Structures are given as C-alpha cells and as structure tokens.
Amino acid sequence: MITGGGSGIGLGIANAFAARGMKLVIADVNEQTIENTVFELKQNGVDAIGVRCDVSKLEDVEHLAEETLNTFGGVHVLCNNAGVGLPTSSRSIKLEDWKWIIDVDLWGPIYGVKVFGPLIEAQGEGHISATASMAGLISANKMGAYSVAKHGVVALMCALERELRSKQSPITASVLCPGPINTNISHNSLAYRPERDPTLAPPKVSGAKGASIQAALEEGMPPNEVGELVASAIENDKFWVLTHPWWAKGVQRQLDALRDDQSLTKA
Ligand SMILES: NC(=O)c1ccc[n+]([C@@H]2O[C@H](COP(=O)([O-])OP(=O)(O)OC[C@H]3O[C@@H](n4cnc5c(N)ncnc54)[C@H](O)[C@@H]3O)[C@@H](O)[C@H]2O)c1
C-alpha cells in the first residue's frame, strides 16, 4: 500500500514492488493519476487497485484500510509516502499553508501508522516505511514548515522502530530520506495549495528559492532508482534509506557544531 503512489517517488516504489510480484494498492488524492497508474500497472499484469485518499483525513485513511482488506484480505507493506512542500519563510508563510503541510506530511504518516500498524502487527509480519527527507535531518533555509513536518516523520519512524525492536516484533520499519529526486512535487504542491482557486491553472514555480529547488529536482535521481532503494532496504532490513548518503556529512557537521561551539552555522 503506497500513499502518493500515483506520481514521482510513490510511483517508483510501486514499480519496484510490481517487479517483485507484489499486489498493490495505489492511494492518492489525485483520481486521474490513480486511474493512469492502475491502468498501466494492470496492462503489465500487476494485480493493483486504486483508492482515492487524502492522507490528512483520518476517515480517508480508515477507508483505505477497509478497501485494502476487502480486496486483498491483508496488508504487508505500508509506504507513508504522500507529501507536499513549498519553499517559504517560517515568518511569512500563511497559517493555512503551515497547517496543510503539517497535515499532509506529518499527520498523514501518523494516521498511517495508527490505522495500518495494528493490522500489520496482527498478521505477524510486514513492514512500515515513511518518506521523510534530508530536510528531516537538517533544517534548510526557507523550508521551515516542510522541515518541521519531515523532522516529525523521522522522529515518528525512529520511535516506532525502537518500540518494535524493544518488543522483538517481527514487523520492521524504515525511513526514506531523499535528497533531490526528479519529480513534479513543486508543480503538484502549487496545484494542491489549500487557498488556490481550483478553476484557475496552478501558478508556476517562482522566486529564487523555488527556481533553485526546481533546478535541483530536474537534475535529481530518477524515482525508479529510489523505488529500488526502498524495496532493497525492506528486503535487507535497513532502517535508514538515503538516496544521497554523502549528504549525511552535513548532519555530522551539525552535530559537531552542537558539541563544539553550539552554533548552527557550520551545518
Ligand atoms: N522530490 C524530491 O526531491 C523529494 C525529496 C525529499 C522528500 N520527498 C518526499 O517524497 C514524497 C513523494 O514526493 P514526490 O517528490 O514523489 O512528489 P510528487 O508530487 O511527484 O508525488 C506526491 C504524490 O502525493 C500525492 N498527494 C499530495 N497530497 C496528498 C494528500 N493529501 N493525500 C494523498 N496523496 C497526496 C500527489 O497527488 C502525488 O501523487 C513526499 O513525501 C516528499 O516530501 C521528495
């Protein structure tokens, strides 16, 4: 079961799972991308269904679980992947945007763990993954709301992993922390922004920060490669899934500065 499975990294994960013969539930807020994705998967012989689900709504996530169980009778892998992001200043970002980003990026995975966790545990086998970001390990300039949500996702998954290991659960967990990946997240996020008039075309990516993020995404890792990393982490029981592991040096520099001079400037 993959949230945000109709596009980008979620679709890459779906492709990696399909290549391993898994049955798939593609959950997304965008019905058109669900339809296209499920059609293509079925064309390739994959047993897949699509469910419209807004991960920021508990009742939608509960409905998703019902549909999954009704169709396949169980769920073995949950990927809390759906997400949105805007390059915005923590001081001037609108409160509606704060709430939307936290609701989708953090409450989505919280609801996923809450609703699907007991189902997977009751089966006695399975895996729970969540897509955070390198912004869940280091807070970047003008990425305040996104970083708050993604730090929360990392904390959620670390806590979950420790709980599972402390009771020697057969359930495993992982957290994906991607660097730049070549997806449509900037355009999609602008299209889903809560205060946007849906009758108008979504605005284009703008501003220096928006343009630099867009350029980095376009040169980023292909989503299918990320899907393979996630599938391989599940197969090999790896908790941290980093697409750009050398970026972990930035995390280390932040920790060194914390220990040595308590500044944030070295990160
Ligand atoms: N692209 C990157 O460089 C990058 C880097 C780090 C982390 N991420 C994270 O990866 C995840 C996937 O992003 P992506 O880059 O593939 O973007 P994407 O826009 O291609 O895919 C995100 C999917 O989530 C869906 N979605 C958005 N809001 C939703 C909601 N409320 N409920 C259900 N589905 C919703 C979208 O329709 C879309 O299909 C996100 O959590 C994102 O924060 C992406």
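In this report, we go over the structure that sits alongside the text. (Residues numbered from 1 in each chain as written. Predicted model: local features only at pLDDT ≥ 70, side-chain atom pairs only at ≥ 80, totals over all residues.)

Take the overall build of the protein next. Regarding its fold elements, the protein presents 9 helices and 7 strands. The C-alpha atoms of the protein give 18 Å as radius of gyration, which agrees with the globular expectation for 267 residues (18 Å, within 12%). Overall, the protein is about 55 × 50 × 30 Å in size when its C-alpha atoms are taken along their principal axes. (Helix = DSSP H or I, 4+ residues; strand = E, 2+ residues; numbered from the N terminus. Rg over C-alpha atoms; globule rule 2.2 N^0.38 Å.)

Neighbouring the ligand are 33 residues, the closest being Gly4, Ser7, Gly8, Gly83 and Thr183. At the level of secondary structure, the elements contributing two or more residues to the shell around the ligand comprise α1 (8-19) and α6 (185-192). Here the residues of the shell around the ligand are counted per class, giving 13 nonpolar, 18 polar and 2 charged. (Near = placed C-beta within 6 Å. Nonpolar A, V, L, I, M, F, W, Y, C, P; charged D, E, K, R; others polar.)

Moving on: helix α9 (residues 248-260). An ideal rise of 1.5 Å per residue puts 18 Å on 13 residues; α9 measures up with 18 Å between its terminal C-alpha atoms. Two residues or fewer past α9, glutamine 262 is found with a positive phi of approximately 60°. (Expected span 1.5 Å × (residues − 1).)

Right, let's talk about the environment of isoleucine 234 for a bit. Residue position: isoleucine 234 is located in helix α8 (residues 223-235). Note: C-alpha distance between isoleucine 234 and glycine 126 (108 residues apart in sequence) is 9.4 Å. When near neighbours in sequence (up to four residues on either side) are disregarded, isoleucine 234 contacts Val77, His127, Ser129 and Ser174. (Contact = placed C-beta atoms within 7 Å.)

Time to look at the pairing of strand β5 (residues 126-131). Of all 6 residues making up β5, 5 are buried, and the element is well covered by its neighbours. As paired strands, strand β4 (residues 77-80) and β5 are joined by 4 bridges and run parallel to one another. The residue bridging leucine 78 from the neighbouring strand is isoleucine 128, located in β5. In this fold, β4 hands off to helix α4 (residues 95-123), which returns the chain to β5; that crossover is right-handed. One ladder, built from 6 bridges, connects β5 with strand β6 (residues 171-177); its direction is parallel. Across the sheet, alanine 130 pairs through a bridge with valine 175, a residue of β6. One crossover worth recording links β5 to the parallel β6 by way of helix α5 (residues 144-166), and it is right-handed. (Buried ≥ 20, exposed ≤ 12 C-beta atoms within 10 Å, placed from the backbone. Pairing = 2+ DSSP bridges. Right-handed = clockwise from strand over helix to strand, strands pointing away.)

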